[in-house]
Amino acid sequence: MKIHDSLFGGLLLLVGIAMWLASDNLPNPTMQPYGPGFFPKILAVLLVVTSAVLVVKSIGAAQPLFTLDQWARSPRSVLRVLLVPIGIILFVMFVGPVGFIPGSVALLFAMFVVDDVRPLPALGIAIAVVLIVHSIFYLGLSVQLPWGLLQPVRW
Amino acid sequence: MFDAYLQAVALIFQPSVLMTILIASVFGLVVGCIPGLTATMAIALFVPMTFYMDPIPAVGAIVALSAMAIFAGDIPGCLLRIPGTPASAAYVDDAYEMSRKGQAEMALGICLVFSVIGGLFGTAVMMLAAPAIAEFALSFGSVEFFWMAVLGLIAAAFIGTGRPLKGAISLVIGLSISLIGMNNPTGLPRFTFGVPDLLSGVSLIPVMVGMFAVSEVLRYMTGSQRQAAVPKLNLGPIFAGMWRLAVKYPGHVIRGSVLGTVIGIQPGSGADMAAWMAYATAKKTSKEPEKFGTGHPEGLIAAGAANNASLAGAWIPALVFGIPGDSVTAIAIGVLMMKGMDPGPAIFLNAPQNIYAVFLVFVLANLLMLPLGWAMIKASTRVLSIPKNVLMPIILLMAIVGAYAANNTFFDVTIMLVAGVIAFLMEENGFPIAPALLGIILGPMIEDNFVNSMIKSDGNLIGLIDRPIAAVLATITVAIIAWFVLGGLRSALLPRKTQTTNEDSRASNHGIR
């Protein structure tokens, strides 16, 4: 997903300005000569300068303003791509009550099916993989993952 | 020193450590071998597991993993014309053409054997140079470390990437991310936007997993989904003829190894840059340059040695100054810092056995590469046939759990996602992400040393350059910046057709990916 350099540069320029404004408000409670806002301000200036240079350099460039590649052409592949961020966000939102194992199986299953894996093997592989990964981390490394719906049968 | 080496041997040769190294090696081989999965992704996925290990097995695993992955990337290059990792891209044409001519086993043998030779050479340089430089670095104070870190970052952004402007922007982005939180000399929360989870800053592991694993998954999802058919392998003996080649082209072996080590030392440029430059140098110094690209072993010899040599070279500035030579060492330094083992001349003095343990693991990993690499070559057909549409979601799941495991919070998974999306968009638009990673890791080092230096000099900026070493480092830094800024101004003001050569646009990225 390519954006014209001048647009990207412009966005970064705005971020730089925002950073400067945010660092200006940082008080210096200590006796140190350079307070917490010093370093951020320097970085803000650098960001503004470099992104300005980028914008200036690329303003005339023969580059399309915005290109979406192949994947945006079909709804299926758009779904496949968007499933990554959306799937992760939903996962994080619901993993507490639903539990890691059910949630992961759901996520994997969804991603498999959208990417042309047949449903029955998809379910089987999803369950097997999630159980293996869970065991490695829970039994092997003692990482506590939420049980959620499986709370009554936890091991 | 001998005592320390003995202690190091005792540290390494324990069953649990050796088992960890073995598992990490196999993991590295498998991930490196599969195109679309990179060496840094392998490390990013493995690191959360090292969280629960002692520092030596953790670092040993990373060293072994990276060495194996960089070699394994050559295998699909020979068989499918698709590099398994970017470090193998420079010579993929020659490797593939050799396979087509029926010389697959020679191509693979060259990649394996000369990777080992390059790796051992780099290790030898590391073993000799690092303690010597550390001796010198003992006289470093906060001012020198400040300039060293700045110099390292500048070099990484401007020189290491081949794209100075976007590299610089990427660096500033990384440094800005390192500002978030309370971990600054004044303890005042910065840029936390009222989110309590951000008070301790953006955690390194989720960012890393996002940058190197999630972004690759996104890249796969948005790319063309073709899975290349793996040809049937009828390999002859892999190690045959290697000695003859080494005797025929000693120059390439040496030049490749030296060049690789030096490029590894240069912060921010890693195995892929090493391979490209070694390939180009081999072509220039060859007696038969016209044969390059048609299935000629010379380029493979030089570049195969270079990319593995660079791995060891990268550890020299990392161990001595805490400044990573490439993305792998950037991650390793992050891991060491999390375990309270800050790299720097102090370790050489107080706990040298830890450093020697790293050296020994390098030797061990490079030697292990021979049998394990051979086995991987034999198993490659099966590994390369694993369907990507099943593999990639599994990688994503491992990434999620890895990001969670560091601090037992799913907020980190959100951080991972944000980092992954940003890294993906950055790379799609030509911004290298290695400088950002270095910025995130070294930002605190720069600020802390700056503030300490200012305290020592009572706020007087002259304090930054009134020590000789600091003044020299400062001069070099300013010179590099001036070189690039003036160069940029010159090309902007003089009317000139701007042309990126093939070399420039292909040797695009930064440290290893």
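This one's a predicted model, so the numbers in the text were calculated from it and none came from an experiment.

(A) How the structure looks around the overall build of chain B. The helix and strand tally for chain B stands at 21 helices and zero strands. Here the C-alpha atoms of chain B give a radius of gyration of 22 Å, agreeing with the 24 Å that 2.2 N^0.38 yields for 513 residues. For chain B, the proportion of contacts with a sequence separation of at least 24, taken over those separated by at least 6, is 80%. Accessible surface computed for chain B: about 18700 Å², of which carbon and sulfur atoms make up 66%. Averaging the positions of the 27 positive and the 26 negative side-chain charges in chain B gives two centres separated by 12 Å.

(B) The arrangement of the nonpolar core in detail. Judged by nonpolar contacts, the single largest core of 234 residues is most densely connected at Phe100 and Phe137 of chain A together with Ile110, Trp147, Trp315 and Met416 of chain B. Apart from the residues lying within four places of it in its own chain, the contact partners of Trp147 of chain B are Leu464, Ile465, Ala470, Leu473, Ala474 and Thr477 of chain B.

(C) Inspection of the packing of aromatic side chains at higher detail. In this structure the tally under the stated criterion is 19 aromatic pairs over all chains. Between the aromatic rings of Trp147 of chain A and Trp155 of chain A, the centroid separation amounts to 4.9 Å while the plane-to-plane angle is 75 degrees, which identifies the pairing as edge-to-face. For Trp155 of chain A, a relative accessible area of 44% translates into the label partly exposed. Measuring from centroid to centroid gives 5.7 Å for Phe27 of chain B and Phe46 of chain B, while their planes differ by 35 degrees, and the two rings are tilted. A residue pair is termed long-range when its members are at least 10 positions apart, and Phe27 of chain B in helix 2 (residues 15-33) and Phe46 of chain B in helix 3 (residues 39-50) qualify at 19 residues. Here Phe46 of chain B falls in the buried class, since its relative accessible area comes to 6%. A cation over an aromatic ring shows up here: Lys41 of chain A above the ring of Trp20 of chain A, its NZ or CZ 5.3 Å from the ring centre. Taking NZ or CZ as reference, Lys166 of chain B lies 5.0 Å from the ring centre of Phe431 of chain B, over its face.

(D) Structural context of the environment of Ser203 of chain B. Residue and element names in this part refer to chain B. Looking at the secondary structure, you find Ser203 in the loop between helix 8 (164-178) and helix 9 (204-222). Residue classification places Ser203 among the buried residues on the basis of a relative accessible area of 19%. Along the sequence, Ser203 and Asn407 sit 204 residues apart, while their C-alpha atoms lie 8.5 Å from each other. Sequence-distant contacts of Ser203, that is, excluding residues within four places in its chain, are made with Asn407 and Asp412. Within the local environment of Ser203, its side chain forms a polar contact with the side chain of Asn407, the two groups lying 3.1 Å apart.

(E) Fine view of the environment of Thr186 of chain B. Residue and element names in this part refer to chain B. Along the polypeptide, Thr186 turns up in the loop between helix 8 and helix 9. Note on Thr186: relative accessible area 17%, which makes it buried. In this structure the C-alpha to C-alpha distance between Thr186 and Asp448, which are 262 residues apart in sequence, comes to 9.9 Å.

(F) How the structure looks around the side chain of Asp5 of chain A. By the element assignment, Asp5 of chain A lies in helix 1 (residues 5-24). Owing to a relative accessible area of 13%, Asp5 of chain A belongs among the buried residues under this scheme.

(G) Here's a closer look at the packing of helix 3 (residues 75-98) of chain A against helix 18 (residues 411-428) of chain B. Two elements in contact, helix 3 of chain A and helix 18 of chain B, have axes whose closest approach is 10 Å; the angle formed by their N-to-C orientations is 170 degrees. With respect to helix 18 of chain B, the element helix 3 of chain A is oriented roughly antiparallel. For the pair helix 3 of chain A and helix 18 of chain B, the contacting residues are Pro85, Ile88, Ile89 and Val92 of chain A in the first and Val413, Thr414, Met416 and Leu417 of chain B in the second.

(H) Examining helix 4 (residues 100-114) of chain A more closely. Under the 1.5 Å per step criterion, the end-to-end length of helix 4 of chain A is 21 Å for 15 residues, consistent within 8% with the ideal 21 Å. For helix 4 of chain A, every residue scored as buried is listed here: Phe100, Ile101, Gly103, Ser104, Val105, Leu107, Leu108, Met111, Phe112 and Val114 of chain A. Contacts made by the buried residues of helix 4 of chain A are with helix 3 and helix 5 (119-140) of chain A together with helix 9 and helix 17 (388-407) of chain B. Residue Asp116 of chain A follows helix 4 of chain A closely and has a positive phi angle near 70 degrees.

(I) Focus on the interface of chain A and chain B. Contacts between the two partners involve 59 residues from chain A and, on the opposite side, 54 residues from chain B. For the pairing of chain A and chain B, the buried interface totals around 5100 Å² over both sides, and the portion due to carbon and sulfur atoms is 81%. Seen at the junction of chain A and chain B, the total is one salt bridge. Between Asp5 of chain A and Lys166 of chain B there is a salt bridge, with the nearest N and O atoms lying 2.9 Å from each other. Among the elements that line the side of chain A that touches chain B, the one with the most residues is helix 2 (residues 38-58) of chain A, at eleven residues.

Quick notes on the rules
- Residues numbered from 1 in each chain as written.
- Chains lettered and ligands numbered in written order.
- Predicted model: local features only at pLDDT ≥ 70, side-chain atom pairs only at ≥ 80, totals over all residues.
- Heavy atoms only, no water.
- Helix = DSSP H or I, 4+ residues; strand = E, 2+ residues; numbered from the N terminus.
- Rg over C-alpha atoms; globule rule 2.2 N^0.38 Å.
- Contact = heavy atoms within 4.5 Å.
- Areas by Shrake-Rupley, 256 points an atom, 1.4 Å probe, with all protein chains shown as cover.
- Lys, Arg positive; Asp, Glu negative; His and termini not counted.
- Charge placed at Lys NZ, Arg CZ, Asp CG, Glu CD.
- Core = buried A, V, L, I, M, F, W, Y, C linked by side-chain atoms within 4.5 Å.
- Buried < 20%, exposed > 50% of the residue type's maximum accessible area, 1.4 Å probe, protein only.
- Phe/Tyr/Trp six-rings, centres within 6.5 Å; stacked < 30°, edge-to-face > 60°.
- Lys NZ or Arg CZ within 6 Å of the ring centre and 35° of its normal.
- Polar contact = N/O pair within 3.5 Å; in protein donor to acceptor, adjacent residues only side chain to side chain.
- Axes fitted to C-alpha atoms, helices over the stretch in contact; angles between N-to-C directions.
- Parallel < 35°, antiparallel > 145°, perpendicular 65-115°, else oblique.
- Expected span 1.5 Å × (residues − 1).
- Buried area = accessible area lost by both parts, 1.4 Å probe.
- Salt bridge = Lys/Arg side-chain N within 4 Å of Asp/Glu carboxyl O.

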